[in-house]
Amino acid sequence: MDNFLRDRAPRIIALALAGVSLLAVATAQAKEITVWCWDPNFNVAIMKEAGDRYTKAHPDTTIKVVDFAKADVEQKLQTGLSSGGAGGLPDIVLIEDYGAQKYLQSFPGAFAPMSDKVDYKGFAPYKVNLMTLNGKVYGMPFDSGVTGLFYRKDYLEAAGFKGEDLNNITWDRFIEIGKQVEAKTGKKMIGTDPNDAGLVRILMQSAGGWYFDKDGNPSILDNAALKASLETFGKIMAAGIAKQAVGWPNYVNTFTSGDVASTVTGVWITGTIKAQKDQSGKWGVAPIPAMNVAGATHASNLGGSSWYVLAGSKQKDEAIDFLNAEYAKDVDFYQKILTDRGAVGSLTAARTGAAYEQADAFFGGQKVWQSFADWLAKVPSVNYGVYTNEVDSAVTAQIPAIAKGGSVDDALKAIDAQVKTQIQ
């Protein structure tokens, strides 16, 4: 027995060493992709679902999703990029669309381009354009903030209107209907927050405009879309059809409580509306009204975010492959996040899925997801520029004055002056 073991000892040792080597190789091949994002019930949960799907086909890869508050994600990302090192940064980070160009232009080379690996023709054009710089596309388009006119069918019917009467109307017609709704029901037509410019942004993008021109330069005084948006907002307030509510919770309460007959906002509000179980069957959705200005449409956007891969990531190639596999190709994934989370993605191929074609009993059998998907393809592309948040603050400062009947031209001059002080 001793001779048997002695004769075979070199072979046993070799096999043992080979086993250690194989274990080392397997360990070296195992990859962990770290993702930073916010909102546990939406972005975080959706990314975890994407990770679970990917790891089934790639068992050696782990997707670690870290949940921060949105402000914390932005602060940590800003600090990490400013330091010039990749240490401490994730492999993938979620960035709000309004801030995409600011990061891309302020930190050249910090994010990995994906133009040669992702088929961007499959996404809504406006999402692709906002993450494009110098001919290269950075980032993976994610959720859309495509907007709609959510309305109470029971209030409209009490005033003598049907849902079809809200299809493809102008804001002037919306105001006329609002006056009649209040006269017949005592309900205001819409809620507004005097300290928020969200509605102005919706109006402006629906006309193909933004705070910046196509080259990203500030455009205030000669901006026809911005002026028309402020004028339209002023008309709504002057007509007395709006209920003012300060702060997001109070604004949301205007329509969830039944105090107003409609709201114009992003598709992501659908879950909040449907949470009011006693209102099932009483709601409908229509395209947003159009302004009386050249290029005006019935489609717009409010919010939305996308995924970006850090160029310094050690798992850069795997991270891009992960995003490409799930967010650019997995149509079934989009069906699930729509059903589970109310997320309308910007992959146009997903619009043909069964979940989008399903009738929604809460909205009286209307195929609301299909409607939003159709409007998504029509959202005008604009240049969000580098300083959207800064200009938005200047616009917001003028909203109260316009709500009280103040001059739009004076407001534009004040906005322009503040913008020049802050960013020029």
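Residues numbered from 1 in each chain as written. Predicted model: local features only at pLDDT ≥ 70, side-chain atom pairs only at ≥ 80, totals over all residues. Heavy atoms only, no water.

### Comments concerning the pairing of strand β8 (residues 188-192)
Phase 1 of the analysis: Extensive coverage of β8 is indicated by the burial of four of its five residues.
Phase 2 of the analysis: Relative to strand β10 (residues 260-266), β8 runs parallel, the two sharing two bridges. The residue of β10 that forms the bridge with lysine 188 is valine 260.
Phase 3 of the analysis: Bridge analysis of β8 against strand β9 (residues 242-244) gives three bridges, and the strand direction is parallel. Within the sheet, the bridge partner assigned to threonine 192 lies in β9 and is glutamine 244. (Buried < 20%, exposed > 50% of the residue type's maximum accessible area, 1.4 Å probe, protein only. Helix = DSSP H or I, 4+ residues; strand = E, 2+ residues; numbered from the N terminus. Pairing = 2+ DSSP bridges.)

### What about the side chain of aspartate 360?
Phase 1 of the analysis: Looking at the element boundaries, aspartate 360 is found in the loop between α14 (354-357) and α15 (368-376).
Phase 2 of the analysis: From its side chain, aspartate 360 meets the backbone nitrogen of phenylalanine 362 in a polar contact 2.9 Å long.
Phase 3 of the analysis: Other than its neighbours up to four places away in sequence, aspartate 360 contacts Lys274, Gly365, Gln366, Val368 and Trp369. (Polar contact = N/O pair within 3.5 Å; in protein donor to acceptor, adjacent residues only side chain to side chain. Contact = heavy atoms within 4.5 Å.)

### Considering the pattern of salt bridges
Phase 1 of the analysis: Across all of its chains, the model carries 20 salt bridges by this definition.
Phase 2 of the analysis: For glutamate 176, the salt bridge identified is with arginine 173, shortest N-O distance 3.0 Å. With glutamate 176 and arginine 173 both in helix α7 (residues 171-185) and three residues apart, this pair spans about one turn of that helix.
Phase 3 of the analysis: The partly exposed category is assigned to glutamate 176, whose relative accessible area is 42%.
Phase 4 of the analysis: Across the salt bridge formed by glutamate 182 and lysine 188, the nearest N and O atoms sit 3.0 Å from each other.
Phase 5 of the analysis: Several salt bridges converge on common partners, so that one network encompasses Glu49, Arg53, Asp330 and Asp332. (Salt bridge = Lys/Arg side-chain N within 4 Å of Asp/Glu carboxyl O.)

### A closer look at helix α17 (residues 408-423)
Phase 1 of the analysis: For α17, which comprises 16 residues, the first-to-last C-alpha distance of 22 Å matches the rise-based estimate of 22 Å (1.5 Å per residue) to within 8%.
Phase 2 of the analysis: Those residues of α17 lying buried are Val408, Ala411, Leu412, Ile415, Asp416, Val419 and Ile423. Projected down its long axis, α17 shows its buried positions confined to an angular sector of 135°, all on one face. Turned more than 90 degrees off the buried face of α17, the exposed positions are Lys413 and Thr421. (Expected span 1.5 Å × (residues − 1). Arc of directions from axis to C-beta.)

### A word on the sheet that holds strand β12 (residues 305-309)
Phase 1 of the analysis: Strands sit in the order β2-β1-β3-β12-β6 across an open sheet of five strands; the sheet is mixed. Unpaired on one side and paired on the other, β2 (61-67) and β6 (140-141) mark the two borders of the sheet.
Phase 2 of the analysis: Across two bridges, the pairing between β6 and β12 is antiparallel. Within β12, the position partnered with proline 141 by the bridge is serine 306.
Phase 3 of the analysis: Of the strands in this sheet, β1 (31-37), β2, β3 (92-96) and β12 are in contact with helix α2 (residues 40-57), which crosses β2 at around 175°. (Axes fitted to C-alpha atoms, helices over the stretch in contact; angles between N-to-C directions.)

### Quick notes on the confidence of the model for the protein
Phase 1 of the analysis: Residues with a pLDDT of 70 or more make up 92% of the protein, whose mean pLDDT is 91.
Phase 2 of the analysis: Note that residues 1-5 has pLDDT below 50 and, in this model, zero contacts with residues that lie over four places away or in other chains. (pLDDT = per-residue confidence, 0-100.)

### A look at the packing of helix α16 (residues 388-403) against α17
Phase 1 of the analysis: Remark: α16 packs on α17, axes separated minimally by 9 Å, with the N-to-C direction vectors making an angle of 155°. The orientation of α16 relative to α17 falls into the category roughly antiparallel. Every pair of crossing elements has a handedness; the one defined by α16 and α17 is right-handed. Only Ala411, Ala414, Ile415, Gln418, Val419, Gln422 and Ile423 of α17 make contact with α16, whose side of the interface consists of Glu390, Val391, Ser393, Ala394, Val395, Ala397, Gln398 and Ile402.
Phase 2 of the analysis: Along the lines of polarity and charge, the residues of the contact of α16 with α17 split into ten nonpolar, four polar and one charged. (Parallel < 35°, antiparallel > 145°, perpendicular 65-115°, else oblique. Left-handed = near helix turned anticlockwise from the far one by under 90°. Nonpolar A, V, L, I, M, F, W, Y, C, P; charged D, E, K, R; others polar.)

### Brief notes about the layout of surface pockets
Phase 1 of the analysis: For the largest pocket, the calculated volume is near 1000 Å³.
Phase 2 of the analysis: In terms of lining, the largest pocket is formed by 37 residues, of which the most central are Glu96, Trp248, Trp268, Leu302 and Gly303.
Phase 3 of the analysis: Contributing elements (two or more residues each) for the lining of the largest pocket: α2, β8, α8 (198-206), α10 (248-256), β10 and α16.
Phase 4 of the analysis: Taken together, the residues of the lining of the largest pocket break down into twelve nonpolar, 16 polar and nine charged. (1 Å grid on protein atoms, 1.4 Å probe; cavity = no way out; pocket = protein on both sides within 12 Å on 5 of 7 lines; lining within 4 Å. Points joined across faces, edges and corners; volume = space filled by probe spheres on them.)

### Thoughts on the environment of valine 44
Phase 1 of the analysis: By the element assignment, valine 44 lies in helix α2.
Phase 2 of the analysis: Considered as a pair, valine 44 and phenylalanine 68 are 24 residues apart in the sequence and their alpha carbons are 9.3 Å apart.
Phase 3 of the analysis: In this structure, valine 44 is in contact with Cys37, Trp38, Asp39, Val65 and Asp67, ignoring residues within four places of it in sequence.

### Quick look at the environment of isoleucine 63
Phase 1 of the analysis: Mapping isoleucine 63 onto the fold places it in strand β2.
Phase 2 of the analysis: Those residues in contact with isoleucine 63, other than ones at most four positions away along the chain, are Ile33, Val35, Gly51, Tyr54, Thr55 and Phe322.

### Describing the side chain of asparagine 43
Phase 1 of the analysis: Along the chain, the position of asparagine 43 falls in helix α2.
Phase 2 of the analysis: Since its relative accessible area comes to 4%, asparagine 43 is described here as buried.
Phase 3 of the analysis: Among the polar contacts made by the side chain of asparagine 43, one reaches the main-chain carbonyl oxygen of tryptophan 38 at a distance of 3.0 Å.
Phase 4 of the analysis: Dropping the residues within four chain positions of it, asparagine 43 is found in contact with Cys37, Trp38, Leu94, Phe142 and Trp307.

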